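Given next are the chains, with one letter for each unit.
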Amino acid sequence: MIDLYTWPTPNGHKIHIILEETGLAYNIIPINISKGDQFDPEFLKISPNNKMPAMVDHNGPNGNPISIFESGAMLIYLAEKTGLFLPKDPKDRINTIQWLMFQMGGVGPMFGQAHHFIHYAPDDIDYAIDRYTNEAGRLYKVLDNRLAVTEYVAGGYYSIADMACYPWIREPGRKNQKPSNFPNVQRWLKKIEERPAVRRGMAILSKERRDLSKSMDEETRKNLFGEAQYKRR
C-alpha cells in the first residue's frame, strides 16, 4: 500500500494520474497547503522541503518501506516499480527523462511564477507579469514544436513525461496564453484528457479545489507565500 500525501495542485495531479494508470493500491492523505498542513513535523519527516506531494511505499525495495518527495522522483520510482511508462530501451529512457526534466526545471517553476504574479501577488508588477507571461509562451511553443513531430511528449509512446506536463499545460489562459497559438498542444491535451485514468486522477480531491485568486485570507497567504515558509525551516 502507498500512502500519498497530496493536494489538488498540478504536482499532486501528476502522482494521482500515475497511480490510476498503474493500478497500484494507494491511500490519499490530504495536505491542505492553505491551512499549513505542509509544516506539520510528521509530514516534514517525509518531505523535508515542506512541499507536497510526498509518499510512503510500505512495500518498497526488498519489501521495506520507503518515503519519497519531489514529484519527478516519485514518477520515476513508480514507473520503475511497475515497469510501465518509462521505456527500458536506453535511448527512449533518457529521452523520456529529459522531457520529464523539461517539466520539472522549466514548465513547473516558470508557470508557477506566472500563476503567482498574474493571479496571487498583492500588487500588479508589470515587469514580473510580462517576464513570466513571455516565458510561459516560450515554453508552450517549445512543446508545440515538439508535438508537431511526435504523438506524445517523449515520442510515439505515452509516458511519465506526459503525466508530468499535462496538469501544468492545461488551462493556458491562466498563463495569459491563447490556445489557438499552440494547435499541436491542443491536440495532445485532448488526447491525454480522454484517458479514463487521467480523468480519475484529476478528480481526486477535486471538491477541495478553489480559485484562491478570487478569495485569499491572510492565513492562506502566509502559508503559501509568506512568513510561514521561513519560520518553520
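Quick look at the structure, then. Since this is a predicted model, take the numbers as computed values, not measurements.

**Considerations on the overall build of the protein**
Stage number 1. Across its full length, the protein holds 10 helices and 4 strands.
Stage number 2. Element order for the protein, N to C, with α for helix and β for strand: β-α-β-α-β-β-α-α-α-α-α-α-α-α.
Stage number 3. For the protein, the proportion of its 233 residues judged to be buried stands at 51%.
Stage number 4. In the protein, the proportion of contacts linking residues at least 24 apart, taken out of those at least 6 apart, comes to 68%.
Stage number 5. Surface accessibility of the protein: about 11600 Å² in total, with carbon and sulfur atoms responsible for 50%.

**Notes on helix 6 (residues 160–169)**
Stage number 1. Burial runs high along helix 6: 10 of the 10 residues are buried.
Stage number 2. The inward-facing, buried residues of helix 6 contact helix 1 (10–22), helix 3 (71–82), helix 4 (90–120), helix 5 (126–147), helix 7 (183–193) and helix 8 (196–203).
Stage number 3. With a side-chain oxygen lying 3.1 Å from the backbone nitrogen of Ala-161, the N-terminal cap of helix 6 falls on Ser-159.
Stage number 4. Phi turns positive, to about 60°, at Glu-171, one or two residues after helix 6.

**Focus: the pattern of salt bridges**
Stage number 1. Counted by the stated rule, this structure contains 7 salt bridges.
Stage number 2. Between Glu-21 and Arg-195 there is a salt bridge, and its shortest N-O distance comes to 2.8 Å. Of this pair, Glu-21 sits in helix 1 while Arg-195 sits in the loop between helix 7 and helix 8, and the two are 174 residues apart along the sequence.
Stage number 3. Take Glu-21: its relative accessible area is 16%, and that puts it in the buried class.

**Some details on the environment of Thr-133**
Stage number 1. By the secondary structure assignment, Thr-133 is in helix 5.
Stage number 2. Residues Thr-133 and Met-110, spaced 23 residues apart in sequence, show a C-alpha to C-alpha distance of 8.8 Å.
Stage number 3. For Thr-133, the residues in contact, after removing those within four places along its chain, are Ile-118, Lys-175, Asn-176 and Gln-177.
Stage number 4. Within the structure, the side chain of Thr-133 is placed 2.7 Å from the backbone oxygen of Ile-129, a separation counted as a polar contact.

**Examining helix 5**
Stage number 1. Helix length check: helix 5, at 22 residues, gives a terminal C-alpha distance of 31 Å against a target of 32 Å (1.5 Å per residue), a fit within 8%.
Stage number 2. Those residues of helix 5 not exposed but buried are Ala-128, Ile-129, Tyr-132, Thr-133, Ala-136, Gly-137, Leu-139, Tyr-140, Leu-143, Asp-144 and Leu-147. Viewed along the axis of helix 5, the buried residues span an arc of 165°, placing them on a single side of the element. Facing away from the buried side of helix 5 by more than 90 degrees, the exposed set consists of Asp-126, Tyr-127 and Asn-134.
Stage number 3. Residues of helix 5 that are buried in the fold lie against helix 4, helix 6 and helix 7.

**Quick notes on unusual backbone geometry**
Stage number 1. Here Met-52 and Pro-53 are connected by a cis peptide whose omega angle stands at 5°.
Stage number 2. Position of Pro-53 relative to the elements: it lies in the loop between helix 2 (41–46) and strand 3 (54–57).
Stage number 3. For Asn-176, which is not glycine, the phi dihedral falls at a positive 60°.
Stage number 4. Within the secondary structure layout, Asn-176 lies in the loop between helix 6 and helix 7.
Stage number 5. Within the chain, Leu-205 stands out as a residue other than glycine whose phi angle is a positive 60°.
Stage number 6. Mapped onto the elements, Leu-205 comes out in the loop between helix 8 and helix 9 (218–225).

**A few points about the sheet that holds strand 4 (residues 66–69)**
Pairing between sheet strands relies on hydrogen bonds along the backbone, with the strands arranged either parallel or antiparallel.
Stage number 1. As summarised here, the arrangement of the 4 strands in space is 2-1-3-4, forming an open sheet in which the pairing is mixed. Taken across any chain shown, the strands that pair with only one partner, and hence form the sheet edges, are strand 2 (26–30) and strand 4. Adjacent strand axes in the sheet meet at a mean angle of 20° when their direction is disregarded.
Stage number 2. Those strands touched by helix 3 are strand 1 (2–6), strand 3 and strand 4, and its axis lies near 135° from that of strand 4.

Calculation rules
Residues numbered from 1 in each chain as written. Predicted model: local features only at pLDDT ≥ 70, side-chain atom pairs only at ≥ 80, totals over all residues. Heavy atoms only, no water. Helix = DSSP H or I, 4+ residues; strand = E, 2+ residues; numbered from the N terminus. Buried < 20%, exposed > 50% of the residue type's maximum accessible area, 1.4 Å probe, protein only. Contact = heavy atoms within 4.5 Å. Areas by Shrake-Rupley, 256 points an atom, 1.4 Å probe, with all protein chains shown as cover. Polar contact = N/O pair within 3.5 Å; in protein donor to acceptor, adjacent residues only side chain to side chain. Salt bridge = Lys/Arg side-chain N within 4 Å of Asp/Glu carboxyl O. Expected span 1.5 Å × (residues − 1). Arc of directions from axis to C-beta. Pairing = 2+ DSSP bridges. Axes fitted to C-alpha atoms, helices over the stretch in contact; angles between N-to-C directions.

Interpretation note: all reported values are geometric properties and have no functional meaning in isolation.
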